[in-house]
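# Commentary on secondary and tertiary structure
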Amino acid sequence: MTNILTKAPTPQAMTPGNSRNIKKILVAVDLSPHSEETVAYAMKLADTYGACLALVHVCSPEPGTEATNQKGNGFDQSAFSPQEQLENLAKKIRETYPNCSAHLCVGDPADKIALMADILHADLILVGNRQPSFLGRLLSLDEVIRIEHEAPCPVLICPDTTS
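A brief look at the structure comes next.

## Section: the sheet that holds strand S5 (residues 155–159)
Pairing is parallel in the open sheet, where 5 strands are placed in the order S3-S2-S1-S4-S5. The open sheet has two free edges, formed respectively by strand S3 (100–106) and S5, since each of these has just one partner strand. Each neighbouring strand pair of the sheet contributes to a mean axis angle of 25°, computed without reference to strand direction. Both strand S2 (residues 52–59) and S3 contribute to a ladder of 7 bridges, which runs parallel. If you follow Ala54 over to S3, its bridge partner there is Ser101. Along the sheet, helix H3 (residues 81–94) makes contact with S2 and S3, crossing S3 at roughly 165°. Of the strands in this sheet, strand S1 (24–28), S2, S3 and strand S4 (124–129) touch helix H4 (residues 109–119), which is tilted by about 150° from S2.

## Looking at the nonpolar core
Residues Ile25, Val27, Val29, Val39, Leu53, Leu55 and Ile93 are the most contacted members of the largest nonpolar core, which totals 22 residues. Of all the elements, helix H2 (residues 33–49) adds the most residues to this core, at 6 residues. Residue contacts for Ile93: discarding those within four places in its chain leaves Val39, Met43, Leu53, Leu55 and Cys100. The next biggest cluster of nonpolar side chains, apart from the first, holds 18 residues, and it includes Leu26, Ala54, Val56 and Ile125.

So, how was this worked out
- Residues numbered from 1 in each chain as written.
- Predicted model: local features only at pLDDT ≥ 70, side-chain atom pairs only at ≥ 80, totals over all residues.
- Heavy atoms only, no water.
- Pairing = 2+ DSSP bridges.
- Helix = DSSP H or I, 4+ residues; strand = E, 2+ residues; numbered from the N terminus.
- Axes fitted to C-alpha atoms, helices over the stretch in contact; angles between N-to-C directions.
- Contact = heavy atoms within 4.5 Å.
- Core = buried A, V, L, I, M, F, W, Y, C linked by side-chain atoms within 4.5 Å.
- Buried < 20%, exposed > 50% of the residue type's maximum accessible area, 1.4 Å probe, protein only.

Shown next, in the form of structure tokens:
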């Protein structure tokens, strides 16, 4: 009896040297511990292809947040926390993988991630996914599903392996 697993061809979708030219990988991060796991996977993938990494975090607009003049009048310091977290994550990555940029957006996550992928000319979007609810999948409310539908390039979903 022949074991078909030993004779199966090597998958070509993510093998270096295939026809897919991946030079820029957009990594959607929500600044959770799972984001760090997703970024670690993205670094390995980027290293394999010699690609640039672009971290993108999308914040929801907060009605109470306002920015005024350079003298600091009216600035809400809590509004800058995600930006600081994102920049700290990017600095940590640049210690071992220097070709990394970070981008903070405000708005709908699926819309902004698809827009940034287009603006940055991303060849691949990598997103983390924490098990979506049944209702979220049924109504297509899950952000990952929406990103997949709106993206101008392929989307790779990195499942949460900790749960």
